Amino acid sequence: MAKFPISSEGTTVAAVIGDPVRHSLSPTIYNAAFKHDQVNWSYFAVNIATEDVGDLLEEMRQQHVGGISVTMPHKATVAKLVDGMTRQAEKLGAVNCVSKNGGTLVGHNTDGEGLLRALEAETEEAVEGKSYLIIGAGGAAKAVALALAEAGASEVIVTSRNVSKSEGAAALAGHVGRVGSITESDRADVIINATPIGMQGTGNEGDTPLPIDSIHRRQIIVDLIYHPLETELLKNARSIGARTINGIGMLVHQAALQYTLWTQKDAPLEIMQSAVIQKISE
Ligand code: NAP
């Protein structure tokens, strides 16, 4: 049975696949971009079980499907099923974007580069030469650790509640990576929350992964969470005069990279960003 929605003649289909995927903001972001650029593409959210992912990729090989975004829990499954991968996706063992090269499927991971672009755009400073403390050691933390190290970070410290996962994430940062502790927050130029602590709908919206007295006003505090737009962590950081960055920039930049991989066009970043902020603010 077809896994992709039927679309009108001549329309190229793209989709985010996941389980659950109902609340994904991706259709809002990409459809705003397609409409703005007047390209005949349509983007859907497709809820799919792990055992059906192989059939869906087969369908992508054969039909008018231009691209797939991949979210939880399928990133590792897709990495095993595509025909080839970028170096980053290979190192992470996780694919968040599939593009087509003729009949072959190429897996990418745009999360790390998405964060780098967001950091550079929002701080107007180089990523290179700074020390970073990452809180959390899941998929996002790993992508970020790898990207920061490759961009020339002087130090990438990973802390999480699971030491072996922290070791795995820190290892991706090579010789500048190590496992550390929140008590070392002092030495970081940039602190990045890569846990869901403070996220809407988790029951811990008012919580923060880092107490306010562990933050200094000279630091840049990044929360990968984008809903709410300002988490408790960012609220605290702003109140003491630290610079703050929420997860919207990474979300939009990683999506923009996918858009370009599929359409070969520059993405309309501002259109994508205002569409997603409007949706979150509804
Ligand atoms: P993940 O793979 O599930 O990893 C989550 C990490 O947070 C793990 O280290 C987990 O520890 C830890 N964690 C979860 N709940 C915790 C708690 N209550 N206390 C302490 N640690 C906790 O998730 P992910 O994909 O990396 O996503 C992490 C965050 O980044 C989410 O908020 C997500 O929305 C956000 N994100 C944003 C973007 C963006 O574009 N802005 C992209 C990707 C992710 P265990 O492994 O021990 O459970």
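Right above here is the structure, for reference.
The paragraphs below set out a description of the structure included in this document. Note that the structure is a prediction, hence the values are computed from the model and not measured. (Residues numbered from 1 in each chain as written. Predicted model: local features only at pLDDT ≥ 70, side-chain atom pairs only at ≥ 80, totals over all residues. Heavy atoms only, no water.)

Looking now at the overall build of the protein chain. Within the protein chain, the regular secondary structure consists of 10 helices and 12 strands. For the protein chain, the spread of C-alpha atoms along the principal axes amounts to about 60 × 40 × 35 Å. Intrachain contacts of the protein chain at a sequence separation of at least 6 include 64% that bridge at least 24 residues. Accessible surface computed for the protein chain: about 13100 Å², of which carbon and sulfur atoms make up 49%. Where the 23 positive side-chain charges of the protein chain centre and where its 32 negative ones centre are 1 Å apart. (Helix = DSSP H or I, 4+ residues; strand = E, 2+ residues; numbered from the N terminus. Contact = heavy atoms within 4.5 Å. Areas by Shrake-Rupley, 256 points an atom, 1.4 Å probe, with all protein chains shown as cover. Lys, Arg positive; Asp, Glu negative; His and termini not counted. Charge placed at Lys NZ, Arg CZ, Asp CG, Glu CD.)

Turning our eyes to something else, we now look at the pairing of strand S5 (residues 97–101). Bridge analysis of strand S3 (residues 65–70) against S5 gives 3 bridges, and the strand direction is antiparallel. Counterpart to Gly 67 in the pairing with S5 is Ser 99. From the end of S5 to the start of strand S6 (residues 104–108), which pair antiparallel, there are 2 residues, and Gly 102 there has a positive phi angle of about 65°. (Pairing = 2+ DSSP bridges.)

On to empty space enclosed by the protein, then. Taken as a whole, this structure holds 1 cavity of 30 Å³ or more when the rule is applied. Within this model, the largest cavity holds a volume of roughly 50 Å³. Residue lining of the largest cavity: Leu 119, Glu 120, Thr 123, Glu 125, Ala 126, Val 127, Lys 130, Tyr 132, Val 190 and Ile 220, and that is the complete set. Here the lining of the largest cavity is composed, by residue class, of 6 nonpolar, 1 polar and 3 charged. (1 Å grid on protein atoms, 1.4 Å probe; cavity = no way out; pocket = protein on both sides within 12 Å on 5 of 7 lines; lining within 4 Å. Points joined across faces, edges and corners; volume = space filled by probe spheres on them. Nonpolar A, V, L, I, M, F, W, Y, C, P; charged D, E, K, R; others polar.)

On to the pairing of strand S10 (residues 190–193), then. For a regular strand, the rule is simple: side chains alternate between the two faces of the sheet. Side-chain alternation along S10 places Val 190 and Ile 192 on one buried face and Ile 191 and Asn 193 on a second face that is also buried. Pairing geometry for strand S7 (residues 131–135) and S10, over 4 bridges, is parallel. Paired with Ile 135 across the two strands is Asn 193, which belongs to S10. (Buried < 20%, exposed > 50% of the residue type's maximum accessible area, 1.4 Å probe, protein only.)

This part is about the sheet that holds strand S12 (residues 243–245). The 6 strands are arranged S9-S8-S7-S10-S11-S12 in an open sheet whose pairing can be described as parallel. Two strands close off the open sheet at either side, each with one partner strand: strand S9 (177–179) and S12. Adjacent strand axes in the sheet meet at a mean angle of 20°, parallel and antiparallel pairs treated alike. The strands touched by helix H6 (residues 139–150) are S7, strand S8 (155–159) and S10; relative to S7, the strand with the most contacts, the crossing angle is about 170°. Across the sheet, helix H7 (residues 163–171) lies against S8 and S9, angled at about 170° from S9, the strand it touches most. (Axes fitted to C-alpha atoms, helices over the stretch in contact; angles between N-to-C directions.)

In the region of the ligand, 18 residues are neighbours, and Ala 137, Ala 140, Arg 161, Lys 165 and Gly 247 sit closest. In the model, an oxygen atom of the ligand is placed 2.8 Å from a nitrogen or oxygen of the Ala 140 main chain. One of the side-chain N or O atoms of Arg 161 is found 2.8 Å from an oxygen atom in the ligand. Here the ligand has 920 Å² of accessible area as a free molecule, and 74% of this is covered by the chains. In the shell around the ligand, the residues fall into 11 nonpolar, 5 polar and 2 charged. (Near = heavy atom within 4 Å. Polar contact = N/O pair within 3.5 Å; in protein donor to acceptor, adjacent residues only side chain to side chain.)

Turning our eyes to something else, we now look at the sheet that holds strand S1 (residues 12–18). Across a sheet, strands are paired by hydrogen bonds formed along the backbone, either parallel or antiparallel in direction. Pairing is mixed across the open sheet formed by 6 strands, whose spatial order is S2-S1-S3-S5-S6-S4. Lying at the two open borders of the sheet, with one neighbouring strand each, are strand S2 (41–47) and strand S4 (84–85). With 7 bridges joining them, S1 and S2 adopt parallel strand pairing. Counted as the bridge partner of Val 13 is Ser 42 from S2.

What follows concerns the packing of aromatic side chains. Enumeration according to the criterion identifies 6 aromatic pairs in this entry. Between Tyr 30 and Trp 262 the ring centres are 5.2 Å apart and the planes differ by 40°, which places this aromatic pair in the tilted class. Placement of Tyr 30 in helix H1 (residues 26–37) and of Trp 262 in helix H9 (residues 248–263) is noted, with a sequence separation of 232 residues between them. By way of ring pairs, the aromatic residues Tyr 30, Phe 34, Trp 41, Tyr 43, Tyr 259 and Trp 262 are connected into one cluster. (Phe/Tyr/Trp six-rings, centres within 6.5 Å; stacked < 30°, edge-to-face > 60°.)

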